Amino acid sequence: MTAQYQVQDGVAVITLDNPPVNGLGHSTRLGIVEGMTRALDDEAVKAIVITGAGKAFSGGADIREFNTPKATQEPTLHSVIKVVEGSTKPVVAAIHTVAMGGGLELALGCNYRVAAKGAQIALPEVKLGILPGAGGTQRLPRVIGLEAALNMIVSGTAVPSEKLAGTKLFDEVVEGDVLPAAIQFAKNAGNAAGPHPKVRDLKVRHENADGFLAFARNTVSAVAKNFPAPLKCVEAVAASLKSFDEGLKIERAGFMELVTTPESRALRHAFFGERAASKIPDVPSDTPVRKIEKVAVIGAGTMGGGISMNFLNAGIPVIVLETKQEALDRGVATIRRNYENSAKKGKLTAEKVEQRMGLLSTTLSYDEIKDADLVIEAVFEEMGVKETVFKKLDEVMKPGAILASNTSTLDVNKIASFTKRPQDVVGMHFFSPANVMKLLEVVRGEKTGKDVLATVMQVAKKIKKTAVVSGVCDGFIGNRMIEQYSRQAGYLLDEGALPEQVDKAIEKFGFAMGPFRMGDLAGNDIGWAIRKRRAVDKPDIQYSKTADLLCELGRFGQKTGAGWYDYKPGDRKPYPNQQVNDMIVQHSKDLGITRRKISDEEIVERLVYALVNEGAKILEEGIASKASDIDMVYLTGYGFPIFRGGPMLYADQVGLYNVALAMSRYAKGYHGEAWQPAPLLTKLAAEGKGFNG
Ligand code: 3H9
């Protein structure tokens, strides 16, 4: 049983006790009903308090139970709330911290609610692609009004309890310990004559409900294009104007429809995937960590500056090292400008800007960084340069310092071998712009210490990154996969598509940006340099020549005002360029290819399945320890549509059999050699399984 029962001074206290967040799984629901029954049967009990142990009143329904028999096993949350609401003795919810989703819905079923100041109150179901399904859409508008409730439910945002004080949601918002206050409140209520208030009996009133709801529908449909839940939330909240039971029916129907959508599955996958990413199978959660109180960054370029800002934002002092004073001055000026721009937009106070800049220092001498706890190298992506830096770091850094490389493709084991302390070396691959992008690939070398990994994962949390561990391979998880995607994009051009069609097709699928717009943004010369290196290292890997031809025209992308597209000064909108399109068509001719019309469906399949196939290889080789890690890399670093859950979950949803079938078709086509299926994919497809179990 995951709820405790106690009687204090004639008040029964039912304490939800299901760590970590008192999720309302089946056994907790059972515990509440049993507690209620005991309290109602005991004549000495005059009132009841429901509270939560540990760090939450309740984080809501247990999401892990969704789409399993336990979710609908009695007592359901509806039945629990019915028991609470039907109680003949007054029931008080004592909310000390988080009351979210079903947790708040349970509290709304109580007669009274007492909350501690600062408690986080939310109906965040929309973020999981569903709607509050245990009366939240009907009861919340009854206590805080139609508009406020709709805003909370459609955004899913948490609101501190004190902001809701004075509404009918809370009878008391108290400073300090909430339980004694709630027990006292319950005692008084127990002594008072009933009947005790029920939220369901209140009416929702609004001066112009139709107008407000029409506005809400329009706004929500415009922003929630690929997500069905927000609009359904509006409809459910709108139903709160009807009778309570009618509204509840509409809410129920919406919930049942949403809970099985691929979008909801994707959002729940991302929720758990983010938390799972921080868990490394062979690194126990109690692994000791090193103290990180001072960070050094080598290189004050775009990457070094962005990396530094992460630590400054988290209040951790940073010292930046460069070889030339001008480079340092430029780097510091860029950081300051970024902060000042944020201040201009009202995102940061002038005081905060100075506070952060005050944590930044610079040096031209390795001697001055030697006492840093963590040093991150962000120098030119060339093994010789890394060798010089790491040899120097090995020489100067204090024992126990973590030596990290921001390399995006180079061999971290080799980098570690330049030092006599490979256990202290790790990859920290930030994504550009490093102060904005959520993703951090933590590259685990063969000899990287477990405490180093645990420390870096903890640091990542502090600087608000989603950290995913990758083994060592060329390109790690993200770039290794994107290379296959880019290869397909190039082959599509050779065969008959133009950049605009490819970009539009994949953007319609939901990607933030298609491969050619992305190339123009990142700089086509970067891929060019990588391909030149590959031509020496791995001459067997083939690419469409179109990207090289483009670079030979000097069209490096937005920075040169011309890439796959043309750009006008101050305008990031891509304009198709005839010369580029002619070059592509001519190249097909040179290859002897008769260009064909390629469907958008084929474009999407080839781009996405190229990711999936490489992802399967990465999983099989143990470069990623679980499929959801790969999805987190793509959701947080590569603009993969979140409502599809990442490439691996998407493949699961399509069905691996269907993915394998399409791949075998493409294997018979142009550059079919790129479609060698990953053995893991073939195996799982044959077994009717998915990457995510
Ligand atoms: C709902 O209520 C539906 C109803 O309307 C209708 C039903 C009919 N279930 O985030 P953290 C786990 S839908 C299961 O790192 P924090 C989480 O996976 C629900 N597990 O902690 C992690 O596990 P692990 C609506 C849950 O302190 C651990 O708890 N509610 C749930 O930073 C710690 O999580 C929500 O959407 C759950 N509901 O933040 C709330 N919640 O340690 C979602 C958490 O094994 N939850 N876990 O990795 C949150 O927003 C945050 O977790 C919370 C705590 C603010 C509660």
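Throughout, residues of each chain are indexed from 1 in the direction in which the sequence is written. A pLDDT threshold of at least 70 governs which residues receive local features in this predicted model, and a stricter bar of 80 or more applies before side-chain atom pairs are shown or counted, although totals over entire chains, interfaces and linings include all residues. Hydrogens are left out, water is left out, and the side-chain values use all remaining heavy atoms of the structure.

Caption draft 1: View of the site of the ligand. Proximity is defined per residue: any heavy atom of the residue falling within 4 Å of a molecule or strand makes that residue near it. Close contacts around the ligand come from 25 residues, with Gly102, Glu105, Glu125, Arg275 and Lys279 the closest. Under this definition, polar contacts are N or O atom pairs within 3.5 Å; protein pairs additionally need one hydrogen-donor-capable and one acceptor-capable atom, and for neighbouring residues in sequence, both atoms have to be side-chain atoms. Here an oxygen atom of the ligand sits 2.9 Å away from a polar atom, N or O, in the side chain of lysine 55. Residue glycine 59 places a main-chain N or O atom 2.8 Å away from a nitrogen atom belonging to the ligand. Surface accessibility in these figures is a Shrake-Rupley result with a 1.4 Å probe; residues are shielded only by whichever protein chains are displayed. Within the complex, 76% of the 1000 Å² of free accessible area of the ligand lies under protein. Numbering of helices and strands runs from the N terminus; a helix is a DSSP stretch of H or I covering at least four residues, while a strand is a stretch of E covering at least two. Broken down by secondary-structure element, the contributors of at least two residues to the shell around the ligand are α4 (102–109) and α11 (262–277). Ranked by the residues each element gives to the shell around the ligand, the list is headed by α11, at three residues. Gly counts as polar in this scheme, as do all residues outside two lists: the nonpolar Ala, Val, Leu, Ile, Met, Phe, Trp, Tyr, Cys and Pro, and the charged Asp, Glu, Lys and Arg. Tallied by class, the residues present in the shell around the ligand amount to 13 nonpolar, five polar and seven charged.

Caption draft 2: Region of interest: the pairing of strand β1 (residues 3–8). In this sheet, strand β2 (residues 11–16) lies alongside β1 in antiparallel orientation, the contact comprising six bridges. When the sheet's bridge partners are listed, glutamine 4 is paired in β2 with threonine 15. Turn length for the β1-β2 hairpin, with the two strands adjacent in sequence and antiparallel, is two residues, and the turn residue aspartate 9 shows positive phi of about 55°. For two strands to be treated as a pair, DSSP must find no fewer than two bridges joining them.

Caption draft 3: Up close: the nonpolar core. Counting residues in each nonpolar core, the largest one holds 67 residues, and the members touching the most others are Ile50, Ile95, Leu106, Ile121, Leu140 and Leu169. It is helix α9 (residues 229–238) that contributes the most residues to this core, six residues altogether. Non-local contacts of leucine 140, meaning those with residues more than four positions away in its chain, are made with Leu104, Leu108, Leu123, Gly145, Ala149, Met152, Ile153 and Leu169. In this description, a nonpolar core means a group of buried Ala, Val, Leu, Ile, Met, Phe, Trp, Tyr and Cys residues linked to one another through side-chain atoms lying within 4.5 Å. Relative accessibility decides the category of a residue: with a 1.4 Å probe and only protein chains considered, values under 20% of the type maximum give buried, values over 50% give exposed, and everything between is partly exposed. The next biggest cluster of nonpolar side chains, apart from the first, holds 65 residues, and it includes Cys473, Ile482, Leu607 and Val633. In what follows, a contact means two residues having at least one pair of non-hydrogen atoms within 4.5 Å.

Caption draft 4: Focus on the UniProt feature "domain: 3-hydroxyacyl-CoA dehydrogenase NAD binding" (unreviewed entry) in the protein chain. In the UniProt entry, the feature "domain: 3-hydroxyacyl-CoA dehydrogenase NAD binding" (unreviewed entry) is given for residues 294–470. Strand forms 20% of residues 294–470 and helix 42%; the C-alpha atoms that close the span are 25 Å apart. UniProt positions are given in the numbering used here, feature names are shortened, and annotations may be inferred rather than shown by experiment.

Caption draft 5: Local environment of the pattern of salt bridges. We count a salt bridge whenever a side-chain nitrogen from Lys or Arg sits within 4 Å of a carboxyl oxygen from Asp or Glu. The final tally for this structure, using the stated rule, is 45 salt bridges. Taking the shortest distance from any N to any O, the salt bridge between aspartate 245 and arginine 200 comes out at 3.2 Å. Linking aspartate 245 in helix α10 (residues 244–259) with arginine 200 in the loop between α7 (178–191) and α8 (209–223), this pair joins segments that are 45 residues apart in sequence. The partly exposed category is assigned to arginine 200, whose relative accessible area is 28%. Between lysine 386 and glutamate 381 there is a salt bridge whose closest N-O contact spans 3.2 Å. Judged by its relative accessible area of 1%, lysine 386 falls in the buried class. Judged by relative accessible area, which is 26%, glutamate 381 ranks as partly exposed. A cluster of three or more residues bridged by salt bridges with shared partners is formed by Asp474, Glu483, Arg533, Arg534, Asp537 and Lys538.

Caption draft 6: Just the sheet that holds β2, in detail. The strand order across the open sheet built from six strands is β1-β2-β3-β5-β7-β10, with neighbouring strands paired in mixed fashion. Bordering the open sheet on either side are β1 and β10 (172–174), each of which pairs with just one other strand. On average, adjacent strands in this sheet sit at an angle of 20° to one another, irrespective of strand direction. Pairing of strand β3 (residues 47–52) with strand β5 (residues 91–95) involves four bridges; the strand directions are parallel. Bridging from a neighbouring strand, valine 49 pairs with valine 92 of β5. Axis definition: a line fitted to C-alpha atoms, over the contacting stretch in the case of helices. Angles run 0 to 180 degrees between N-to-C directions.

Caption draft 7: Representation of the UniProt feature "domain: 3-hydroxyacyl-CoA dehydrogenase C-terminal" (unreviewed entry) in the protein chain within the structure. According to UniProt, the feature "domain: 3-hydroxyacyl-CoA dehydrogenase C-terminal" (unreviewed entry) maps to residues 475–567 and 603–689 in the numbering used here. What you have in residues 603–689 is 66% helix and 0% strand, and the ends, taken at the C-alpha atoms, are 25 Å apart.

Caption draft 8: The arrangement of the packing of aromatic side chains in detail. Pairing of aromatic rings covers Phe, Tyr and the six-membered ring of Trp, with a centre-to-centre limit of 6.5 Å; geometry is then stacked below 30 degrees between planes, edge-to-face above 60, and tilted otherwise. Under the definition given, this model contains 15 aromatic pairs. Judged by centre distance (5.6 Å) and plane angle (75°), the ring pair of phenylalanine 227 and phenylalanine 643 falls under edge-to-face. Taken together, the residues span a long stretch of sequence, with phenylalanine 227 in the loop between α8 and α9 and phenylalanine 643 in the loop between α25 (627–637) and α26 (647–654) at a distance of 416 residues. For phenylalanine 643, a relative accessible area of 10% corresponds to the buried category.

Caption draft 9: Seen up close, empty space enclosed by the protein. Note on definitions: the grid is 1 Å and covers protein atoms alone; a cavity is a set of points where a 1.4 Å probe fits but cannot get out; a pocket is an open set with protein on both sides within 12 Å along at least five of seven lines; lining residues have an atom within 4 Å of a point. Grid points are joined across faces, edges and corners, and a volume is the space filled by probe spheres set on the points. A full pass over the atoms with the stated rule returns three cavities of 30 Å³ or more. Approximately 70 Å³ is the volume found for the largest cavity. Taken together, Gln484, Gln488, Tyr609, Ala610, Asn613, Glu614, Lys617, Ala674 and Trp675 make up the full set of residues lining the largest cavity. Elements that contribute at least two residues to the lining of the largest cavity include exactly α18 (476–495) and α24 (600–620). Per element, the largest residue contribution to the lining of the largest cavity is five residues, and it comes from α24. Taken together, the residues that form the lining of the largest cavity break down as four nonpolar, three polar and two charged. In this structure, the second largest cavity occupies an estimated 40 Å³ of space. Lining the second largest cavity are Gly299, Ala300, Gly304, Gly305, Ser308, Val320, Gly331, Val332 and Ile335. Elements that contribute at least two residues to the lining of the second largest cavity include exactly α12 (302–313) and α13 (325–344). When its residues are assigned to classes, the lining of the second largest cavity shows four nonpolar, five polar and no charged.

Caption draft 10: Highlighting the packing of α24 against helix α28 (residues 679–687). Their axes nearest at 7 Å, the elements α24 and α28 cross at an angle of 100°. When the axis of α24 is compared with that of α28, the two are roughly perpendicular. Contacts from Val612, Asn613, Ala616, Leu619 and Glu620 of α24 reach α28 at Pro679, Leu680 and Leu681. The residue inventory of the contact of α24 with α28, partitioned by class, reads six nonpolar, one polar and one charged. Orientation labels follow simple angle bins: below 35 degrees gives roughly parallel, above 145 gives roughly antiparallel, 65 to 115 gives roughly perpendicular, and whatever is left gives oblique.

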